[in-house]
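# Notes for the structure review
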Amino acid sequence: MADAFATITQRRMTGGFRIDGIDGKNLHLDPGPGALVRSYQFGVDPLKLHGILVSHSHTDHYSDAEVLIEAMTRGMTRNKGIVIGSPSVIKGYQKWGPCISDYHLSKSRVEVMGAGDTLKLDNLKVTATPTKHGDPKNIGFRLEWDGFTLSYTSDTAYFDDLHQHHQNADVLIASVIRPDNEKIKGHLCADEFQLLLEETSPKLAIMTHLGMKFITDHPVQEAINITRKTGIKTLAAQDGMVLNLDKFKQNQQTLDEY
C-alpha cells in the first residue's frame, strides 16, 4: 500500500525516470502517472524518445506508457522506437496485465524480456534482471554502453543473490520504500539497500520510488547516513532531479597510458 498512497496523493511525482544520450538514445523507464506532463515541466521532449522500458504491471510503473508511445511515434503516425517490457506488461500473465494495447504496440519494435534475457540495441546492451515482487514477471534493467553500466532494480524484495545481478554498476538505482529496517513485502527498505551497496560497490547509488512513510521520515538524511556508513555516494531522488552521468563513467586508458 505504501507506493499506492504515494501515487494517489502525488506527495512525490511518479513519472519514472529518463536517460538521455545513452548510445545516442533517449529512454524513459517505468513511465507511471504524470510521465508525459512532468517531461514537459522539466524540459525534456517526449517526442524525442527512442525507447520506453516498463518493468512490470503495477499502475505506478506503466500508466503513462501508451501516451509516451504516442509521443514517440508522433501520434501513431510513424514507425519509430522500441518498447521493452516484461511478459506481464506486453502479453499479460495470469491476473497481471497486459498493460499496453495492441494498437499502441503496432508502430514500434516490441521486445518481451524475462529475467536473464539480453538484448543489443546497436552498442547498448540491455539485460533483464530478476526480482521478487507481487508481479511474478517483474524485471529490473541493466544498461551497458561504452564502459558505463547503469543498473535499476525496479521493485523487489531483498534476496540472497540480488547483488550478483547488479555487480560492477557505475550507477545503481533502486526502489526503496521504507526507512531503516522497516520491511514491507516485495520491496527494499533502507537497511537492505545499504547491504546491497556493500555487496555491489557502485560509484553512485540512488534511492527512488520512496513510500509515504519514507517521504516524511527525512530521506535525505537517510541517504547521508548510508553514504557515511558505506563510503558510496548515495542520493534520495527528488522531483525533477537531473544528473550528469558522464562523470561516473569508467576512466578509459589512452593508448599512451597503456
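Refer to the preceding data block for the structure.
Everything in this summary refers to the structure shown in the same document. In this numbering scheme, every chain counts its residues from 1 along its sequence in written order. Restriction of local features to residues with pLDDT of at least 70 applies here, the model being predicted, together with a cutoff of 80 or more for giving and counting side-chain atom pairs; totals for whole chains, interfaces and linings are based on all residues. As a rule here, side-chain values cover all heavy atoms of the structure and leave hydrogens and water aside.

Let us now look at the overall build of the protein. A count of helices and strands for the protein gives 8 helices and 13 strands. On C-alpha atoms alone, the protein measures out to a radius of gyration of 17 Å, which is about the 18 Å that the 2.2 N^0.38 rule sets for 258 residues. Over its C-alpha atoms, taken along the principal directions, the protein stretches across nearly 55 × 50 × 35 Å. In what follows, a contact means two residues having at least one pair of non-hydrogen atoms within 4.5 Å. Of the contacts made within the protein by residues no fewer than 6 positions apart, 61% connect residues no fewer than 24 positions apart. About 12,000 Å² of surface is accessible on the protein, with carbon and sulfur atoms providing 48% of the total. The positive count covers Lys and Arg only, the negative count covers Asp and Glu only, and His and the chain ends enter neither. Every charge is mapped onto a representative atom, which is NZ of Lys, CZ of Arg, CG of Asp or CD of Glu. For the protein, the distance from the average position of its 28 positive side-chain charges to the average position of its 32 negative side-chain charges is 3 Å. Only DSSP runs of H or I with at least four residues qualify as helices, and only runs of E with at least two residues qualify as strands; both kinds are numbered from the N terminus onward. Every radius of gyration here is taken over C-alpha atoms, with the globule rule written as 2.2 Å times N^0.38, N being the number of residues. The method behind every accessible area is Shrake-Rupley, applied with a 1.4 Å probe, and residues are considered shielded solely by the protein chains displayed.

Let us look at the pattern of salt bridges. The rule for a salt bridge is simple: a side-chain nitrogen of Lys or Arg has to be within 4 Å of a carboxyl oxygen of Asp or Glu. The final tally for this structure, using the stated rule, is 7 salt bridges. Across the salt bridge formed by Lys 25 and Asp 23, the nearest N and O atoms sit 2.9 Å from each other. Each residue is assigned to one of three classes by its accessible area relative to the maximum for its type, calculated with a 1.4 Å probe on protein chains only: buried under 20%, partly exposed between the two thresholds, exposed over 50%. Looking at Lys 25, the relative accessible area reads 11%, which means it is buried. Between Lys 203 and Asp 170 there is a salt bridge, with the nearest N and O atoms lying 3.5 Å from each other. Linking Lys 203 in the loop between α6 (190-200) and β12 (204-208) with Asp 170 in the loop between β9 (148-152) and β10 (171-178), this pair joins segments that are 33 residues apart in sequence. Judged by relative accessible area, Lys 203 falls into the partly exposed class, the value being 34%. Look at the salt bridges and you will find they share partners, linking Asp 23, Lys 25 and Asp 122 into a network.

A few words on the side chain of Asp 155. For Asp 155, the position within the fold is in the loop between β9 and β10. Buried and unpaired, Asp 155 has no salt bridge, with Arg 178 as the nearest side chain of opposite charge at 12 Å. Among the polar contacts listed, one links the side chain of Asp 155 to the side chain of Ser 175, at a separation of 3.0 Å. For the purposes of these results, a polar contact is taken to be a pair of N or O atoms within 3.5 Å, where, inside protein, one atom must be able to donate a hydrogen and its partner to accept one; residues adjacent in sequence count only when each atom of the pair is a side-chain atom. Side-chain polar atoms of Asp 155 contact the side chain of His 209, separated by 3.3 Å.

Before going further, it helps to examine the nonpolar core. Of all hydrophobic cores here, the largest spans 29 residues; its most connected members are Val 126, Leu 143 and Val 171. It is strand β8 (residues 139-145) that contributes the most residues to this core, 4 residues altogether. Residues contacting Val 126, with those up to four places away along its chain left out, are Leu 53, Met 113, Asp 117, Thr 118, Leu 119, Leu 121, Phe 141, Arg 142 and Leu 143. Phe 193, Leu 197, Ala 205 and Ile 232 belong to the second largest nonpolar core, which has 19 residues in total. Here the nonpolar core consists of buried residues drawn from Ala, Val, Leu, Ile, Met, Phe, Trp, Tyr and Cys, with membership extended through side-chain atoms lying within 4.5 Å.

A word on helix α4 (residues 65-72). Those residues of α4 that fall on the buried side of the exposure criterion are Ala 65, Leu 68, Ile 69, Ala 71 and Met 72. For α4, the angular spread of buried residues about the axis comes to 160 degrees, placing them on one side. As for α4, its buried residues are in contact with β2 (25-29), α2 (35-41), β3 (51-54), α3 (59-62) and β4 (82-85). Taken from the residues just after α4, Arg 74 is the one with a positive phi, measuring 55 degrees. Relevant arc is that of directions from the helix axis to the C-beta atoms, nothing else.

Let us now look at the environment of Phe 141. Structurally, Phe 141 is set in strand β8. The sequence separation of Phe 141 and Thr 153 amounts to 12 residues, and the corresponding C-alpha distance is 6.7 Å. When neighbours within four sequence positions are excluded, Phe 141 is seen to be in contact with Leu 29, Leu 53, Val 54, Ser 55, Ile 84, Val 126, Thr 127, Thr 129, Leu 150, Ser 151 and Tyr 152.

What follows concerns the sheet that holds strand β1 (residues 17-22). Note on sheets: strands pair through backbone hydrogen bonds, and any given pair is parallel or antiparallel. Note: two strands are recorded as paired if DSSP finds a minimum of 2 bridges between them. Pairing is mixed across the open sheet formed by 5 strands, whose spatial order is β1-β2-β3-β4-β5. On the outer flanks of this sheet lie β1 and β5 (109-112), each paired with one strand and no other. Along the sheet, successive strands turn relative to each other by an average axial angle of 15 degrees, direction set aside. In this structure, β1 lies alongside β2, joined through 4 bridges in antiparallel fashion. Across the sheet, the residue bridging to Ile 19 is Leu 27, located in β2. Only the contacting stretch of a helix is used when fitting its axis, a line to C-alpha atoms as for every element, and angles between N-to-C directions run 0 to 180 degrees. Contacts between α4 and the sheet are confined to β2, β3 and β4, with β3 contributing the most and set at about 165 degrees to the helix.

Right, let's get into the pairing of β2. Looking down a regular strand, the side chains alternate between one sheet face and the other. Most of β2 is tucked away, with 5 of its 5 residues classed as buried. Side chains Lys 25, Leu 27 and Leu 29 project from β2 onto one buried face, and the interleaved Asn 26 and His 28 project onto a second face that is buried too. Connecting β1 to the antiparallel partner β2 that follows it, the hairpin turn spans 2 residues, and Asp 23 within it adopts a positive phi of roughly 55 degrees. Here is how to tell: hold the view so the strands point away, follow the path from the first strand over the helix to the second, and if it runs clockwise the crossover is right-handed. For the segment spanning β2, α2 and β3, crossover handedness is right-handed.

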